[in-house]
Amino acid sequence: MTSLHADEAFLDHYQLSHDPFAPRVPGFKFFPAQRKPVLGQLHHLARYSQLLLVVTGPEGSGKTLLRQALVASTNKQSVQSIVVSARGASDAASVLGQVAQSLNLAKAEVPEILAQVVQLALTGQEVYLLVDDAEQLDESALQALLELAAGLPEGRPHVFLFGESSLIAELEQISGEQELFHVIELQPYEEEETREYLAQRLEGAGQGIELFSAAQISDIHESSDGWPGNINQVARDADRKSTRLNSSHT
């Protein structure tokens, strides 16, 4: 059976409108457990902290979804959000080039970017600079981002890095004894939160948590270590295994 037919059998068998465990699903709602407090913390620190903000967690821990929620929950009238991916653009020139382009600047240099941020601040506009896959940034890029985060007395962009924990050692090496950044480590879900997460995903596809037994939910939680990306993968595999077993018995 091809994977396409397997997917159709899986959706038909459970009468699902779409695969509830795909990375991007229609009308997906941000799941607040363990993440809503972090979202509030990021907004608070952006307002009151002078440090570069770092969000770390393993692959599949929900860093990108959190970044999307942060952008979505800012006031678009007063905040300009610039999202940069470090994939394939890991040095200072590439990162600053993306930032300069977003700010309509001809010159991609730290002083010019900071001058523009100050100009925007005078009109009541703040700049949020958010970097995905930040563990891929090289030393020159991290140095430039720390300079941007330090800003000028008249204004500074709020810099957020989303990446795996290897990023912390790189930043510590550059910072030395100075306190230049603040780290928030994402935590995995508890078993009850895993159950609620599965329920929300299934509900969005037209089904309920009854699709899984209590034992299956425990197994999914244990196998995934409570990380949402892993939960999606393990839950999809569990569902498809059931589909295959049921199909072989008919």
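Residues numbered from 1 in each chain as written. Predicted model: local features only at pLDDT ≥ 70, side-chain atom pairs only at ≥ 80, totals over all residues. Heavy atoms only, no water.

### Looking at the overall build of the protein chain
Keep this limit in mind: Secondary structure follows DSSP: runs of H or I at least 4 residues long count as helices, runs of E at least 2 residues long count as strands, and numbering of each begins at the N terminus. Residue exposure (1.4 Å probe, protein chains only): buried if accessible area is under 20% of the type maximum, exposed if over 50%, otherwise partly exposed. In what follows, residue pairs with any heavy atoms lying within 4.5 Å of each other are defined as contacts. Per-residue and other accessible areas were derived by the Shrake-Rupley procedure at a 1.4 Å probe size, with only the shown protein chains allowed to occlude residues.
When helices and strands are tallied, the protein chain shows 10 helices and 5 strands. By the burial criterion, 46% of the 250 residues in the protein chain qualify as buried. A fraction of 76% describes how many contacts in the protein chain between residues 6 or more apart in sequence connect residues 24 or more apart. Entry remark: accessible area of the protein chain is about 12800 Å², with carbon and sulfur atoms responsible for 49%.

### Side note on helix H7 (residues 166-175)
Applicable threshold: Working note: the arc is built from the helix axis to C-beta atom directions.
Burial in H7 covers these residues: Leu167, Ile168, Leu171, Ile174 and Ser175. One face of H7 carries all of its buried residues, which in axial projection span an arc of 130 degrees. Directly after H7, the chain includes Gly176, whose backbone phi takes a positive value near 60 degrees.

### Notes on the layout of surface pockets
Empty space among the atoms becomes visible once a probe the size of a water molecule is rolled across them. Worth spelling out the cut-off: Cavities and pockets were defined on a 1 Å grid built from protein atoms only: a cavity is a group of points that admits a 1.4 Å probe but offers it no way out, a pocket is an open group of points flanked by protein on both sides within 12 Å along at least five of seven lines, and a lining residue is one with an atom within 4 Å of any such point. Grid points are joined across faces, edges and corners, and a volume is the space filled by probe spheres set on the points. For this classification, Asp, Glu, Lys and Arg are treated as charged, while Ala, Val, Leu, Ile, Met, Phe, Trp, Tyr, Cys and Pro are nonpolar and the rest, including Gly, are polar.
In this structure, the largest pocket spans a volume of roughly 590 Å³. Residue lining of the largest pocket: 25 residues in total, with Glu59, Gly60, Ser61, Gly62 and Thr64 positioned closest to the centre. Among the secondary structure elements, those contributing two or more residues to the lining of the largest pocket are helix H3 (63-72), strand E4 (158-163), helix H8 (191-204) and helix H10 (228-249). Per element, the largest residue contribution to the lining of the largest pocket is 5 residues, and it comes from H10. By residue class, the composition of the lining of the largest pocket is 7 nonpolar, 8 polar and 10 charged.

### Notes on the sheet that holds strand E2 (residues 79-85)
To be explicit about the condition: In this analysis, strands are considered paired if DSSP registers two or more bridges between them. Axis angles are defined between N-to-C directions and span 0 to 180 degrees, where every axis is a line fitted to C-alpha atoms and, for a helix, only to the segment in contact.
The strand order across the open sheet built from 5 strands is E2-E3-E4-E1-E5, with neighbouring strands paired in parallel fashion. Whereas interior strands pair on both sides, the edge strands pair on one side only; in this sheet they are E2 and strand E5 (181-185). On average, adjacent strands in this sheet sit at an angle of 20 degrees to one another, irrespective of strand direction. Sitting on the sheet, H3 is in contact with strand E1 (52-56), E2, strand E3 (126-132) and E4, with an inclination near 155 degrees to E4. Its contacts with the sheet put helix H4 (residues 92-102) on E2 and E3, and the angle it makes with E2 is roughly 150 degrees.

### What to know about the confidence of the model for the protein chain
Here is the rule we go by: Each residue carries a pLDDT value, the predictor's own confidence for that position, ranging from 0 to 100.
When pLDDT is averaged along the protein chain, the result is 87, and 86% of the positions lie at 70 or above. Note on residues 243-250: pLDDT is under 50 here. Beyond four places in sequence and across chains, it has 5 contacts.

### Considerations on unusual backbone geometry
Residue Asp133 is not a glycine yet carries a positive backbone phi of 55 degrees. Inspection of the secondary structure assignment puts Asp133 in the loop between E3 and helix H6 (139-150). In this structure, Asp225 is a non-glycine residue whose phi angle is positive, near 60 degrees. With respect to the helices, strands and loops of the structure, Asp225 is situated in the loop between helix H9 (214-224) and H10.

### Examining the pairing of E1
Of all 5 residues that make up E1, 5 are buried, and the element is covered over most of its length. Pairing of E1 with E4 involves 4 bridges; the strand directions are parallel. Within E4, the position partnered with Thr56 by the bridge is Gly163.

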